[in-house]
Amino acid sequence: MKNLQRPTLVALALCIVQGTMAQSPKTEGWLSSPGVVGTMVLLGIVLFIAVLIIAAKVSRLIQQTKEKRDAAEGNPGATDEQQARRDAALHYRLRGDELGGTTTAFDDKALIVGATSEPNNPIVDEKIYSRARLDVPKPLQQLVIWYLAASTFWLLFGTTVGEYLGLKFIWPDLDEVAWLSFGRLRPVHTNTVFWGWASMAMIGLAYFVIARTSATKVHSYKTGWWAFGLINFSVLVGNILLMAGINNGGGEYREYVWPAMLPFALGLILTFRNFYATVKRRKIPEIYVSNWYLLAALVWTIVLTVIGYVPLYQNGLGETIIQGYYMHQGVGMWFMTFTLGLIYYYLPSSLNKPIYSYSLGVLAFWTQMLFYTMIGTHHFIFSPLPWWLQTVAIVFSMGMFIPVIAGTTNFLMTMRGSWSAIGKSYVLPFFLVGVIFYFVGSSQGSFQAFRFTQNIWHFTDFNVAHSHMTMYGIITFILWACIYALLPKMTGREPSQLLVGAHFWLAFIGLFAYTVSLMAGGTVKGIAWAEGVPFIDTVIATRGYWTWRAVGGTLMFISHWIFAWNFYVMVRQPLPLAQSPVTEPISA
């Protein structure tokens, strides 16, 4: 195991192979197992998407450079007037109102049967991109912005704590203050980004979706503000108690004691009532598929919170079963289901085309409901839990390939033909990375559920990498895409494309470095455990991988501050509709 003592700075993926060279009987054939091979293929897909986006951006840059060069060279034989007209043509941009006007329209030939600004399928915006602002009611605009502002604050706070914890892996003696200890700060980090950042951002974005797809106004803005206060109060009080050492024990993602979590649950109940009442009074016959996901996610999470916090049946191994259920349902039935609902609106809306297949959306919805509810126990393979329950969790984990493939196919087919938009916009790359990580992260979780791979990856840093691949690669990237797609149309303010690009690449590169380093380090550690290496030696062997974890985490942390500035630019002093500037849009 001497080769594990000091990891070098070679390609991180190769460290997995290095760690498996000297295999014991417990690890023989592990490298060629389906779970490991599948995980390596999935990482290759992520690299391919990165190359695809870079190629699109470079192609766009080359095209712009060529246009500028052609404009500079001009036509040697042309007169000054001809050259001026040519230059004006090269720099011409549509205003966005060419198909409209201010004069009163009259149908001389009686050809028009009817006209409406709210089509029966309001998911489809204008067929050509219009720089005209969305006419959003002022109360709705304020509600959405404040939800997103609060979520941005919690993102900065939660990831500041996470950055500090990442440094503690390298310098464990960084401080000696009790309330800054790892055991207290780690749940502050996870619960803040879960219940503060992601949950607030999802609900804020959903208020616009619910109103838009129902072609009506929100049932009660007052109820929305009450939920806003309750959820923020829950996160604030919960974090204070955690830092004071008052927690719910070892239940991951439910460390908040029940009095602190109760306001959050009440906020969800109010939000569900508000969303349901809005959809109920919709002005169109259909319930758009986004609303299926949003309402279902709220119902499941309300039930989940009750199950997770009622202590009557949580004795002995029952508590472990409930923990696996709560932990995985929190990710799958709250964050994943809700975010999928947002994608079904914001992705096709940004592309100005309908979703590829409504039927695939419905298939993914019902199979998500079926399979996700039974997979929590795959976190406790080889534990004292009943063997049949572990097997059921593994089988249902395999079943998750159905909704994941259905959803991924639907989103990628919706994006089909939008290659040029990747080079012109950063909204679509955010969506593309989120969708790809939806496939990669979810599929990798299914591969990881195999007993053979669990034998090595069980309880190692590999699980931390997997959780960031899903909660960050899927949920956070999709939320950023939706925010960048919505706010400029709502406020008339657009951030710098350079800063949006910096945000994207720092977050993406940081996430890749973070996940691959912990996957490699977790693999090395798991093999060392199987071979009987003393635990403290595996800690020393993992230090180099933790350094890369800190590097990746720092890049991600910097990107969050850039996003916060971009958010401020988009929401400061929203412009009146009549004063909306004609600028190059962010959305494709």
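Everything quoted here is computed from the prediction, not taken from an experiment.

Conventions we followed
Residues numbered from 1 in each chain as written. Predicted model: local features only at pLDDT ≥ 70, side-chain atom pairs only at ≥ 80, totals over all residues. Heavy atoms only, no water. Phe/Tyr/Trp six-rings, centres within 6.5 Å; stacked < 30°, edge-to-face > 60°. Buried < 20%, exposed > 50% of the residue type's maximum accessible area, 1.4 Å probe, protein only. Helix = DSSP H or I, 4+ residues; strand = E, 2+ residues; numbered from the N terminus. Lys NZ or Arg CZ within 6 Å of the ring centre and 35° of its normal. Salt bridge = Lys/Arg side-chain N within 4 Å of Asp/Glu carboxyl O. Patch = residues over 30% accessible without salt bridge, like charges linked within 9 Å, V, L, I, M, F, W, Y side chains within 5 Å. Areas by Shrake-Rupley, 256 points an atom, 1.4 Å probe, with all protein chains shown as cover. pLDDT = per-residue confidence, 0-100. Contact = heavy atoms within 4.5 Å. Core = buried A, V, L, I, M, F, W, Y, C linked by side-chain atoms within 4.5 Å. Expected span 1.5 Å × (residues − 1). Bend = angle between axes of the 7 residues up to and from the residue.

Caption draft 1: Molecular detail of the packing of aromatic side chains. Counting across every chain of the model gives 53 aromatic pairs. On the numbers, 5.0 Å between centres and 90° between planes, the contact of tyrosine 345 with tyrosine 346 is edge-to-face. Across this residue pair, the class does not change: tyrosine 345 and tyrosine 346 are buried. Ring centres of phenylalanine 504 and phenylalanine 508 lie 6.0 Å apart, and the angle between their planes is 0°; this geometry places the pair in the stacked category. Placement of both phenylalanine 504 and phenylalanine 508 in helix H17 (residues 497-530) is noted, with a separation of four residues, approximately one turn of the helix. Directly above the aromatic system of tryptophan 387 lies the positively charged group of arginine 451, at a separation of 3.8 Å from the ring centroid.

Caption draft 2: Highlighting unusual backbone geometry. The phi angle at tyrosine 253 is positive, at roughly 70°, despite the residue not being glycine. Among the secondary structure elements, tyrosine 253 is positioned in the loop between helix H6 (221-243) and helix H7 (258-280). Unusually for a residue other than glycine, asparagine 352 sits at a positive phi of about 60°. When you line up the elements, asparagine 352 lands in the loop between helix H9 (317-351) and helix H10 (358-371). The buried category is assigned to asparagine 352, whose relative accessible area is 9%.

Caption draft 3: Representation of the pattern of salt bridges. Per the stated rule, a full pass over the model turns up four salt bridges. Glutamate 252 is the salt-bridge partner of arginine 186, the closest N and O atoms lying 2.9 Å from each other. Taken as a pair, arginine 186 in helix H5 (residues 182-214) and glutamate 252 in the loop between H6 and H7 lie far apart in primary sequence, 66 residues in all. A relative accessible area of 22% places glutamate 252 in the partly exposed class.

Caption draft 4: Seen up close, a nonpolar patch on the surface. Side chains of Trp258, Leu262, Leu266 and Ile269 sit close together on the surface and give an oily, nonpolar patch of about 400 Å² of accessible area. Within the secondary structure layout, leucine 262 lies in helix H7.

Caption draft 5: Layout of the confidence of the model for the protein chain. Per-residue confidence for the protein chain averages 84 on the pLDDT scale, and 82% of its residues sit at or above 70. Taken together, the stretch residues 116-130 has pLDDT below 50 and engages in 31 contacts with residues farther than four places along the chain or on a different chain. In the predicted structure, residues 581-588 sits below a pLDDT of 50 and forms 31 contacts with residues beyond four places in sequence or in another chain.

Caption draft 6: The arrangement of the environment of alanine 149 in detail. Relative to the elements of secondary structure, alanine 149 occurs in helix H4 (residues 138-170). Residue classification places alanine 149 among the partly exposed positions, given a relative accessible area of 27%. Linking alanine 149 and alanine 564, residues 415 residues apart in sequence, is a C-alpha distance of 8.8 Å.

Caption draft 7: Structural context of the side chain of asparagine 410. By secondary structure assignment, the location of asparagine 410 is in helix H12 (residues 401-415). On the basis of relative accessibility, which here comes to 0%, the residue asparagine 410 falls in the buried class. Other than its neighbours up to four places away in sequence, asparagine 410 contacts Tyr344, Ile355, Tyr356, Ser357, Leu360 and Gly361.

Caption draft 8: Region of the structure containing the environment of isoleucine 562. Residue position: isoleucine 562 is located in helix H19 (residues 543-571). When its relative accessible area of 17% is taken as the criterion, isoleucine 562 is described as buried. Taking the C-alpha atoms as reference points, isoleucine 562 and phenylalanine 504, separated by 58 residues in sequence, lie 9.6 Å from one another. With sequence-adjacent residues up to four places away left out, isoleucine 562 is seen in contact with Leu499, Ala502, His503 and Leu506.

Caption draft 9: Representation of the nonpolar core within the structure. Counting residues in hydrophobic clusters, the biggest one holds 150 residues, and the most contacted among them are Trp195, Phe208, Trp334, Phe338, Leu342, Tyr346 and Phe477. Of the residues forming this core, the biggest block, 20 residues, is contributed by helix H16 (residues 461-491). Not counting the four nearest positions on each side in its chain, tryptophan 195 is found in contact with Met200, Ile231, Val235, Tyr253, Tyr256, Met261, Phe264, Tyr326, Trp334 and Phe335.

Caption draft 10: Layout of H9. Under the 1.5 Å per step criterion, the end-to-end length of H9 is 49 Å for 35 residues, consistent within 8% with the ideal 51 Å. If you look at H9, its biggest bend is around 40°, right at glutamine 329. H9 sits mainly inside the fold: 30 of its 35 residues count as buried. Note on H9: the residue one or two positions beyond its end, asparagine 352, has a positive phi of about 60°.

Caption draft 11: Spotlight on H6. Along its 23 residues, H6 runs 33 Å from first to last C-alpha, staying within 8% of the 33 Å computed at 1.5 Å per residue. Taken residue by residue, H6 has Tyr221, Thr223, Gly224, Ala227, Phe228, Ile231, Asn232, Ser234, Val235, Gly238, Asn239 and Leu242 as its buried positions. Packed against the buried residues of H6 are H4, H5 and H7. Where H6 terminates, the next one or two residues include glycine 245, which has phi positive at roughly 90°.

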